[in-house]
Structure formats: C-alpha cells, structure tokens
Amino acid sequence: MSEAKNVIVTGAASGIGQACARDLADEGHLVLALDLSAEALDAAHPGAGNSLVPFAGDVSNPADCENAVAAAVDRFGGLDAMIHFAAIHSSVPWSELGADEFNRVLAVNVTGSFLMSQAAARPMIAQGGGSIVLTASGIVHIGGVGGAGRGGPAYASSKAAIIALTRSLARSLGGDGIRVNAIAPGATETAMTAGYTEEARANVRNVAALGRMGRAEEIADAARFLISDPASYISGEIMNVNGAASFA
C-alpha cells in the first residue's frame, strides 16, 4: 500500500478481521477496530498503540455505525477506507429454520453491511473519495445446507445479498470517487469453521486446487489490496479468494 490510510475494520476481534486490523496497523495505517465486545477487542489486540483504536459497537445498530465512523474521523481527521468483516454464522438447516433466525442473520450480515457502508460513505464523499470492502462468501456458488458447523440457508442467502449490495453501491457512489468491492472467501480457518467435521474439512481440501483451507491472513491480504492505491480502478468487483475451488 503506497501511503498511510485511515481505516475502519469491523469484526476486528477475531479471525479475518483481527488479522486485517493488526496487519494494517503494523504497516503504519491508522485503524479503528470495531467489534461487539470491548473485552474481546482488548484480548485480540493487546497493547494496541495509537495506530489501532478499539471501538465496541453493533453493526446492525444504525447509531453504533454512525458513532464508529464519527470516532474514526474525530481521531484520525478523516476516513479513507472501511473494510467490513463483521458477520454472524448460521448452521441451521432449512427444516428447522424459522423467521426469527433468518431475520437475525440478515439484520447483521446484510443490513449491517449497508449501515456501515452508508455511514462510512458520508465523510468519504465530503473528502472526495474512499474505498469500501464488503464480505460475501464462496458458499453463494453452491448454496448452504447447514449442519456440522457448515453455513445453512440463512447464512448463504445473506452472503448472496452482499454481491448485489456491492454492485449497487459501486454504481451509486462511483461518481463521488468511492470504490466499493467485496471479497468472497472460501472455507477459512477461523472460529466460524471450528465446528467443521473432519468429513467437511476433507471436502474443502478436495474442492480446492491448493488442497487446503485458507488462512485468515490470506483473506485479509486480499481486502487490504482492494483499498490500496494499486487497486484504484477496481470497483464493483467480487474477488474470490478460495484456493481455486471448483464448485461444479
């Protein structure tokens, strides 16, 4: 990344978000690390200095989204990028899935993505541009049946919606100099996949040409690239980061 940026990273207390926030701060960028729990953030980023500011908030709450953005702008003097990893998982199969669970997942994964993007876009418009990265999933290529820790229909549907949201926001905000992209990770070694059975893990290895699950840092690297200056003409794209997984 060619110059230091002011960045919000959501879902920063674990997994891909934790890796992304940490690596950005280590590179000299100023990072507001957002997650639900202040305690979890402190544990994930012990001894965080001036380059990484923990902030507790719920991305499905409009006020929390606005407050996080305001805190970043106040602390850093502006906002150049927002990388959104915050999400919840659902392994409930269709036969047990009710409206409450379905709407709970959509509220965090879809509405939360929109609310954070909307809040972040406002200061970006005022300063003449910026970059937003959302998170879809490789599950959209095959659907999700749930069980054994695997994503179910609610999770798969929420991640499919991110693709349309990304492209809609890219068109809506492009005239203001704001790029909007998404990454679509394949199965990655995080807390979200900790419940996979060995059979499920073997299946991941079989469909990925690289023969393994991804690492959090590898997914984070793709997101960090998308906010970088070398990605300045990339917008409205969904970047698959899945070890050449075949879903045929």
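I will try to describe carefully the structure that is included in this document. (Residues numbered from 1 in each chain as written. Predicted model: local features only at pLDDT ≥ 70, side-chain atom pairs only at ≥ 80, totals over all residues. Heavy atoms only, no water.)

Regarding the overall build of the protein
At step 1: Along the backbone of the protein there are seven helices and nine strands.
At step 2: In summary, the protein has a C-alpha radius of gyration of 17 Å against a globular reference of 18 Å for 248 residues, a match within 12%.
At step 3: C-alpha atoms of the protein, sized along the principal axes, occupy 50 × 40 × 35 Å.
At step 4: The proportion of buried residues among the 248 residues of the protein is 48%.
At step 5: The contacts in the protein between residues at least 6 apart in sequence include a share of 70% that link residues at least 24 apart.
At step 6: In the structure as shown, the protein presents an accessible area of about 10,800 Å², 52% of it carried by carbon and sulfur atoms. (Helix = DSSP H or I, 4+ residues; strand = E, 2+ residues; numbered from the N terminus. Rg over C-alpha atoms; globule rule 2.2 N^0.38 Å. Buried < 20%, exposed > 50% of the residue type's maximum accessible area, 1.4 Å probe, protein only. Contact = heavy atoms within 4.5 Å. Areas by Shrake-Rupley, 256 points an atom, 1.4 Å probe, with all protein chains shown as cover.)

Details of the nonpolar core
In summary, soluble globular proteins display a tendency toward joint burial of nonpolar side chains.
At step 1: By size, the foremost hydrophobic cluster in this structure holds 34 residues, and its most contacted members are Ile 8, Met 82, Met 116, Ile 132 and Leu 134.
At step 2: At the level of elements, β2 (30-35), α3 (62-76), α4 (99-127), β5 (130-135), α5 (153-173) and β6 (178-185) are the ones that each hand at least two residues to this core.
At step 3: Of the residues forming this core, the biggest block, seven residues, is contributed by α4.
At step 4: Not counting chain neighbours up to four residues away, the residues in contact with Leu 134 comprise Met 82, His 84, Ser 113, Ser 117, Ile 162, Leu 165, Thr 166, Leu 169, Asn 181, Ala 182 and Ile 183.
At step 5: In this structure, Val 7, Ala 13, Ile 183 and Ala 223 belong to the second largest nonpolar core, which totals 26 residues. (Core = buried A, V, L, I, M, F, W, Y, C linked by side-chain atoms within 4.5 Å.)

Thoughts on the pattern of salt bridges
At step 1: Following the criterion strictly, the structure yields nine salt bridges and no others.
At step 2: With its nearest N and O atoms 3.4 Å apart, the salt bridge here joins Glu 217 to Arg 22. Of this pair, Glu 217 sits in helix α7 (residues 216-226) while Arg 22 is found in helix α1 (residues 15-26), placing the two residues 195 residues apart along the sequence.
At step 3: A relative accessible area of 30% places Arg 22 in the partly exposed class.
At step 4: Bridged by salt links that share partners, the residues Arg 22, Asp 23 and Glu 217 form one connected network. (Salt bridge = Lys/Arg side-chain N within 4 Å of Asp/Glu carboxyl O.)

Concerning the packing of α3 against α4
At step 1: At a closest axis distance of 9 Å, the pairing of α3 and α4 adopts a crossing angle of 35°. Classified by chirality, the crossing of α4 by α3 is right-handed. Side by side, α3 and α4 meet where Pro 62, Cys 65, Glu 66, Val 69 and Val 73 of the first sit next to Leu 115, Met 116, Ala 119, Ala 120, Arg 122 and Pro 123 of the second.
At step 2: The residue makeup of the contact of α3 with α4, split by class, is nine nonpolar, no polar and two charged. (Axes fitted to C-alpha atoms, helices over the stretch in contact; angles between N-to-C directions. Left-handed = near helix turned anticlockwise from the far one by under 90°. Nonpolar A, V, L, I, M, F, W, Y, C, P; charged D, E, K, R; others polar.)

Note that every value here comes from positions in space, so none of it alone points to a role or purpose.
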